[in-house]
Structures are given as C-alpha cells and as structure tokens.
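In case you want the letters, here they are:
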Amino acid sequence: MRTIEQVSAMQAWSHEVRGRARVALVPTMGALHAGHLSLVEIARRHADKVVASVFVNPTQFDRADDFARYPCDLERDGGLLATAGVDLLFAPQASDMYPVGAQTTVTVEQLAEPLCGAHRPGYFRGVATVVLKLFLAVRPHVAVFGEKDYQQLALIRRMVRDLHLEIDVVGAPIVREEDGLAMSSRNRHLDAAERAAATCLARALAVAEERVAAGERDAAALVAAATAELGREPRARIEYAAVVHPETLSPLARLCDRDSSAAAPASDVADRALLALAVWIGGTRLIDNRLLTVPAASRERRSA
Ligand code: PAF
C-alpha cells in the first residue's frame, strides 16, 4: 500500500489512474475499527482501486478538548488498511488541507440544522468542507460512508447532487459489537462501567422498533418509549432522541401504512422514519439510529 501526504501528489496520482480504473474513496479520521474496515470491503466491491484517507479534521470539532483527545495512531491504521486491501492511504497535513488564509467553506443548509447540527455548532460546515476537499484531492468515482453518521451521509448526498459532483455515494450498514453497541472510535473512551451502560442506545432503538411492529404509529410515543429505555440507565444523559423523515430529517408526527390512502401523505407523515439518538455516557458522546419501517404485513392488510 502506497502512502501519499500531499494534496498535489494525490491529485497527480488520481490524474494518472482514474482514466483507466474506477477509484473509490473511504474517508476516515483514523482510530480505525471493524466498522471502517467494512467500508473498505464495500469500496473494493465498487471499484478497482481503493483510497482511504486518514485526516483528523480540525474544523469539525466544536470543542478543543474533544479534538485534543481524539485518538490518533497512523502506523496502526496504515497496517489495518493495508491488510484490508487498500491500495493507497492519503494522510494529508492540516496545513496542506487548509492553506494559510483559507476562507472557503461549504454549507448545506436545512439538512445541517436538526439533530447533531443543533447541538454542535459549525460541525457540518466542517464536515462538508473537508469532504469536498477530499473529493477534489482524490477525485473518486465512488465514496463510501457509514450509516451510523446518518445525518452526515444525507448531507453529503445532498452536496454531491447540488454541486454535480459525479460521485456515487454508497451508504454502509452500521457494524455492531455482539451486545449491540454501534462501533465507534469514541467507544475506546468508555471505562468498563460506561461500556456496559452504552448498550442502552441499541436497546432503546430495539424497543421503538418493537413498538412499531406492535402497531404504534405515533412519533411522540415512539420517542417516549426510547427515552424511557434510556432513562433506565443512570449513566446515560440524553442529548436528543428524535423521530424524523429519513430524507428531509424534518420532524415526523406519525408513521403511516404506505397504501392506507391514495392521497400523498402530509409532510409530517411517512411510512419510514429515522429514530436518531445522541446520548452522553459519562464524558463520551455516542450516536446511533435505526430506520423504523411499517411492517409489510401491515401494508398488505390495509391494501387488501
Ligand atoms: O465520518 C468521519 O469519520 C468524518 O466525519 C469524515 C467523513 C472522515 C470527515 O472528516
């Protein structure tokens, strides 16, 4: 596996390769785990050459202490990526990604407002800006992002459409530990008691999903069920728990059976919803989500 550190050298590689090979990009901030390696695996299925970037992007941290303690071990990450079959590691310096005097940022408007955007000022501007910079450095045909960061994925899809970027954005399913905890670089900050407590997120999502299967369609009731489950864990502090439209991320009032009416549903009603959670366990902020779907049997019953 080759490593490139300069943006100009990355662009030169891409200029040479992308005419004859399909290139995939897996953007990461390092501290890799099995979730990242699953993105590489998916990228390999979509392309001839896989580039993974490792760049801890300073502009997407709203707290200096969070940036300072973000885990960083390029040697370990490089070994994992090489074993996973990555062809090229792009590991730029912040001074190259953000030249002195840089003034240009990318803002995706409404999609950045709710959920994490409401709690982390400037976060999604930092994400959209660095992802566009990575796209312009690597010039991939396809880019793979994890669905755990659902809002990020939605925003990047929007940016790609809005800016005519000619990149296929592929979403990768959340990879979980055996007890359901979604894999995250931040999990390593949890001590043993916090690690046990952190399973409450997956349990809360499961409870809401069970309620939908049992016929619950009211978004507030689903949020209440998830919140009650989180409330059973004394170490958990809820930042948000919300049921939103899976594409617009705007609040939903109800889930509906797809075939229950010939008329288009109101904008706060949909047959699929995203339940999104951000929960602090001690000093560590965790996110998780699940798409809640009205069971097919329920739809068929209504349309029969
Ligand atoms: O998801 C991440 O790890 C980061 O937000 C990303 C996409 C690599 C941008 O820094």
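Anyway, here's the lowdown on the structure attached to this text. (Residues numbered from 1 in each chain as written. Predicted model: local features only at pLDDT ≥ 70, side-chain atom pairs only at ≥ 80, totals over all residues. Heavy atoms only, no water.)

Here the focus is the overall build of the chain. Along its length, the chain carries 12 helices and 11 strands. Taken over C-alpha atoms, the radius of gyration comes to 20 Å for the chain, in line with the 19 Å a tight globule of 304 residues would show. Projected onto the principal axes, the alpha-carbon positions of the chain cover approximately 60 × 45 × 40 Å. For the chain, the residues scored as buried account for 52% of the 304 residues in total. Looking at the chain alone, contacts between residues at least 24 apart form 75% of all its contacts between residues at least 6 apart. Per element, the accessible surface of the chain, about 14,300 Å² overall, is 50% carbon and sulfur. Taken as two groups, the 36 positive and 38 negative side-chain charges of the chain have centres that lie 1 Å from each other. (Helix = DSSP H or I, 4+ residues; strand = E, 2+ residues; numbered from the N terminus. Rg over C-alpha atoms; globule rule 2.2 N^0.38 Å. Buried < 20%, exposed > 50% of the residue type's maximum accessible area, 1.4 Å probe, protein only. Contact = heavy atoms within 4.5 Å. Areas by Shrake-Rupley, 256 points an atom, 1.4 Å probe, with all protein chains shown as cover. Lys, Arg positive; Asp, Glu negative; His and termini not counted. Charge placed at Lys NZ, Arg CZ, Asp CG, Glu CD.)

Below, the discussion takes up the layout of surface pockets. Quantified by volume, the largest pocket comes out at close to 410 Å³. Forming the boundary of the largest pocket are 19 residues, of which Y150, L153, R157, P246 and L291 lie nearest the centre. Every element with two or more residues in the lining of the largest pocket is listed here: helix 8 (150-162) and strand 11 (284-293). Considering every element that reaches the lining of the largest pocket, the biggest residue donor is helix 8, with six residues. Grouping the constituent residues of the lining of the largest pocket by class yields eight nonpolar, three polar and eight charged. (1 Å grid on protein atoms, 1.4 Å probe; cavity = no way out; pocket = protein on both sides within 12 Å on 5 of 7 lines; lining within 4 Å. Points joined across faces, edges and corners; volume = space filled by probe spheres on them. Nonpolar A, V, L, I, M, F, W, Y, C, P; charged D, E, K, R; others polar.)

Our next topic: the packing of helix 10 (residues 200-213) against helix 11 (residues 219-231). Any two packed helices are characterised by the angle at which their axes cross and by the distance between the axes. Contact pair helix 10 / helix 11: the axes reach a minimum separation of 8 Å and the direction vectors enclose 145°. Regarding helix 10 and helix 11, the two cross each other, and that crossing is right-handed. On helix 11, the residues that touch C200, L201, R203, A204, V207, A208, R211 and V212 of helix 10 are L222, A225, A226, E229 and L230. Along the lines of polarity and charge, the residues of the contact of helix 10 with helix 11 split into 10 nonpolar, no polar and three charged. (Axes fitted to C-alpha atoms, helices over the stretch in contact; angles between N-to-C directions. Left-handed = near helix turned anticlockwise from the far one by under 90°.)

All of the buried residues in helix 1 (residues 7-17) are V7, M10, W13, S14 and V17. Burial along helix 1 is one-sided: seen end-on, the buried residues are contained in an arc of 120°. Away from its buried face, by an angle of more than 90 degrees, helix 1 presents the exposed residues S8, H15 and E16. Contact partners of the buried residues in helix 1: strand 1 (2-4), strand 2 (23-28), strand 3 (49-54), strand 4 (88-90), helix 5 (94-97) and helix 7 (123-138). (Arc of directions from axis to C-beta.)

In the vicinity of the ligand, the residues found are P27, T28, M29, N57, Q60, V130, V131, F145 and Q152. Between the ligand and Q60, the relevant distance is 2.6 Å, taken from an oxygen atom to a side-chain nitrogen or oxygen of the residue. For the shell around the ligand, the elements supplying multiple residues, two or more each, are strand 2 and helix 7. Class assignment of the residues belonging to the shell around the ligand gives a composition of five nonpolar, four polar and no charged. (Near = heavy atom within 4 Å. Polar contact = N/O pair within 3.5 Å; in protein donor to acceptor, adjacent residues only side chain to side chain.)

Under the counting rule described, the total for this entry stands at five aromatic pairs. Look at F61 and F67: their rings are 5.1 Å apart centre to centre, the planes differ by 55°, and that puts the pair in the tilted class. By relative accessible area, which is 35% here, F67 ends up partly exposed. According to the relative accessible area criterion, F61 is buried, its value standing at 12%. Members of the aromatic cluster, connected to one another through ring pairs, are F61, F67 and Y70. (Phe/Tyr/Trp six-rings, centres within 6.5 Å; stacked < 30°, edge-to-face > 60°.)

For the rest of this paragraph, the subject is the nonpolar core. As a rule of thumb, soluble globular proteins bury nonpolar side chains together. By size, the foremost hydrophobic cluster in this structure holds 50 residues, and its most contacted members are M10, V51, F90 and F135. For this core, the leading source of residues is helix 7, giving 11 residues. Not counting the four nearest positions on each side in its chain, F90 is found in contact with I4, E5, Q6, V7, M10, V51, A52, S53, V54, L134, A137 and V138. Counting residues in each nonpolar core, the second largest holds 29 residues, with A197, V223, V243 and L286 among its members. (Core = buried A, V, L, I, M, F, W, Y, C linked by side-chain atoms within 4.5 Å.)

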